[in-house]
Amino acid sequence: MSLAFIFPGQGSQAVGMGKALAEASPAARAVFAEADEALGQALSKLMWEGPEADLTLTENAQPALMAVSLAVMRVLEAEHGIKLQDTAKFVAGHSLGEYSALAAAGTFSLADAARLLKVRGRAMQMATPVGTGAMAALLGLDFPDAAAVAEAAAQNEICQAANDNAPGQVVVSGHKAAVERAVALAKEKGAKRAVMLQVSAPFHCALMQPAAEAMAAALANTPMRPPTVPVISNVLAGPLSDPAEIRKALVAQVTGTVRWREGMGYMAGKGVKVFCESGAGKVLSGLVKRTAPEAQGLAMGTPDDIAQGVSQLKQG
């Protein structure tokens, strides 16, 4: 059975995530302790006790989500004998989840991934003054139509297609007024729904250029190894294994489109039949049927999820 591990992005965080895993597994507890030590903060306490407003801050949410994803992978290996390099054809992660995928595949250490995501989250938050940017979901338009709407709405401001999540589910990002114009225009063009999103900054558009520069500097100083399995790049929607190319892609990802639909299609086209979402929430496994209709999605974020998922994997 051909499978890939996929790792969630921002928006999947919730107070309490990873707590049951830590209570049930020494391997998971070690991951959370390692992340806390790397950052010099009680990140795990914030994850398990809140407050939600602090957990939702980009600089906390990003390393926290990575820690849960890596805890799941450690549990799978330590307690169920499932090693990434022996079982997976590919790994991929949505936006910050690409760092989780790379850490799982051994390109970064867990500590370096946590530090990089802290820098990334803070830099993305600080890239634009609060209130100047926005994001919106355009539902019912395919990517070329959504991208054309964004271009038409820009009117000398920034408005870009930021996330191509699934057929008929595209997120646009940019200056607030331009994104509001895109919402109105999308409805005229036949979108089923077009709604502003509650986000703290306009991710994956040109307004994030200061954050891209911060990540270029941070990544240049971080040791990287070739991943043990190919990583599907968000911006290329195809596999990367060379650390120099991975660095370039991670910098480009800050201002570029997350081509999730195409990346999933690539993996499905290479024979992947099962996508195991490792970490908090079930957003990505929920998209599997829309992005890769012949494949199955398994969400593994709690001890019960993992037990059920492992049972299904072993049954084939």
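Use the structure listed above.
Conventions and cut-offs
- Residues numbered from 1 in each chain as written.
- Predicted model: local features only at pLDDT ≥ 70, side-chain atom pairs only at ≥ 80, totals over all residues.
- Heavy atoms only, no water.
- Pairing = 2+ DSSP bridges.
- Helix = DSSP H or I, 4+ residues; strand = E, 2+ residues; numbered from the N terminus.
- Axes fitted to C-alpha atoms, helices over the stretch in contact; angles between N-to-C directions.
- 1 Å grid on protein atoms, 1.4 Å probe; cavity = no way out; pocket = protein on both sides within 12 Å on 5 of 7 lines; lining within 4 Å.
- Points joined across faces, edges and corners; volume = space filled by probe spheres on them.
- Nonpolar A, V, L, I, M, F, W, Y, C, P; charged D, E, K, R; others polar.
- Buried < 20%, exposed > 50% of the residue type's maximum accessible area, 1.4 Å probe, protein only.
- Expected span 1.5 Å × (residues − 1).
- Arc of directions from axis to C-beta.
- Contact = heavy atoms within 4.5 Å.
- Right-handed = clockwise from strand over helix to strand, strands pointing away.
- Disulfide = S-S within 2.5 Å.
- Parallel < 35°, antiparallel > 145°, perpendicular 65-115°, else oblique.
- Left-handed = near helix turned anticlockwise from the far one by under 90°.

Asker: I'd like a rundown of the sheet that holds strand 6 (residues 193–196), residues and numbers included.
Answerer: The four strands are arranged 4-5-3-6 in an open sheet whose pairing can be described as antiparallel. A single partner strand is all that each edge strand has here, and the edge strands are strand 4 (159–166) and strand 6. For this sheet, the mean inter-axis angle between neighbouring strands, taken without regard to orientation, is 20°. Across six bridges, the pairing between strand 4 and strand 5 (residues 169–175) is antiparallel.

Asker: Outline the layout of surface pockets, listing residues and values.
Answerer: Roughly 740 Å³ of volume is contained in the largest pocket. Around the largest pocket, the lining is made up of 29 residues, and of these Gln10, Gly11, Asn163, Leu197 and Val199 lie nearest the centre. Within the residue set of the lining of the largest pocket, elements represented by two or more residues are helix 8 (110–126), strand 3 (133–139), strand 4, strand 5 and helix 14 (283–291). Considered class by class, the residues forming the lining of the largest pocket number 13 nonpolar, 15 polar and one charged.

Asker: Explain the pairing of strand 5 to me, and be specific about the residues and the numbers.
Answerer: Most of strand 5 sits inside the fold, with five of its seven residues counted as buried. Pairing of strand 3 with strand 5 involves seven bridges; the strand directions are antiparallel. Paired with Gly133 across the bridge in strand 5 is His175. In textbook terms, the turn of a hairpin is the stretch between consecutive antiparallel strands, and for strand 4 and strand 5 this stretch comprises two residues, one of which, Gly168, has a positive phi near 75°.

Asker: Which residues make up helix 9 (residues 143–154), and what are the values?
Answerer: Taking 1.5 Å per residue, 12 residues should reach 16 Å; helix 9 reaches 16 Å between its end C-alpha atoms and fits that length. When helix 9 is considered as a whole, its buried residues turn out to be Ala146, Val149, Ala150, Ala153 and Ala154. Down the axis of helix 9, the smallest arc covering the buried residues is 135°, so these residues share one side. Opposite its buried face, helix 9 presents the exposed residues Pro144 and Glu151, each directed more than 90 degrees away.

Asker: Hey, could you go over the sheet that holds strand 9 (residues 274–278) for me, with residue numbers and the actual values?
Answerer: The six strands lie next to each other as 8-7-2-1-9-10, forming an open sheet whose pairing is mixed. Across the chains shown, the open sheet's two edge strands, defined by having one partner strand only, are strand 8 (239–240) and strand 10 (296–300). Where helix 13 (residues 260–269) meets the sheet, its contacts fall on strand 1 (3–7), strand 2 (88–93), strand 7 (231–232), strand 8 and strand 9, and the angle it forms with strand 2 comes to roughly 175°. In the packing of helix 15 (residues 303–315) onto the sheet, the strands contacted are strand 1, strand 9 and strand 10, and the crossing angle to strand 10 comes to about 145°.

Asker: Hey, could you go over empty space enclosed by the protein for me, with residue numbers and the actual values?
Answerer: What the rule picks out here adds up to two cavities of 30 Å³ or more. As for the largest cavity, its lining consists of Ala92, Ile232, Ser233, Asn234, Ala237, Arg259, Trp260, Gly263 and Met264. No other element matches helix 13, which puts three residues into the lining of the largest cavity. Counted by class, the lining of the largest cavity contains five nonpolar, three polar and one charged residues. The calculated volume of the second largest cavity comes to roughly 30 Å³. If you trace the second largest cavity, you find it lined by Glu98, Leu102, Val231, Leu240, Ile246 and Ala249. Only helix 7 (97–104) and helix 12 (243–255) provide two or more residues apiece to the lining of the second largest cavity. A per-class count over the lining of the second largest cavity returns five nonpolar, no polar and one charged.

Asker: Tell me what's going on with the pairing of strand 10, and back it up with residues and numbers.
Answerer: By the bridge criterion, five bridges tie strand 9 to strand 10 in an arrangement that is parallel. The residue of strand 10 that forms the bridge with Val274 is Gln296. Handedness of the strand 9-helix 14-strand 10 crossover: right-handed.

Asker: Account for the state of the cysteines, naming residues and giving values.
Answerer: According to the stated counting rule, one finds zero disulfides in the structure shown. Left without a disulfide partner, Cys159 is nearest to the cysteine sulfur of Cys205, which lies 8.4 Å away.

Asker: Provide a residue-level description of the packing of helix 2 (residues 26–39) against helix 8, including the pertinent values.
Answerer: With their axes 9 Å apart at the nearest point, helix 2 and helix 8 run at an angle of 55° to one another. On the basis of the axis angle, helix 2 is oblique to helix 8. Considering the relative orientation of helix 2 and helix 8, their crossing is right-handed. Each of Val31, Glu34, Ala35, Ala38 and Leu39 in helix 2 lies in contact with helix 8, whose residues at this interface are Leu110, Ala111, Ala114, Arg115 and Lys118.

Asker: Talk me through the side chain of Asp164; I want residue IDs and the actual numbers.
Answerer: Take Asp164: it is sitting in strand 4. Leaving out residues up to four positions away in the same chain, Asp164 has contacts with Phe143, Gln169, Val170, Thr257, Val258, Arg259, Trp260, Arg261 and Glu262.

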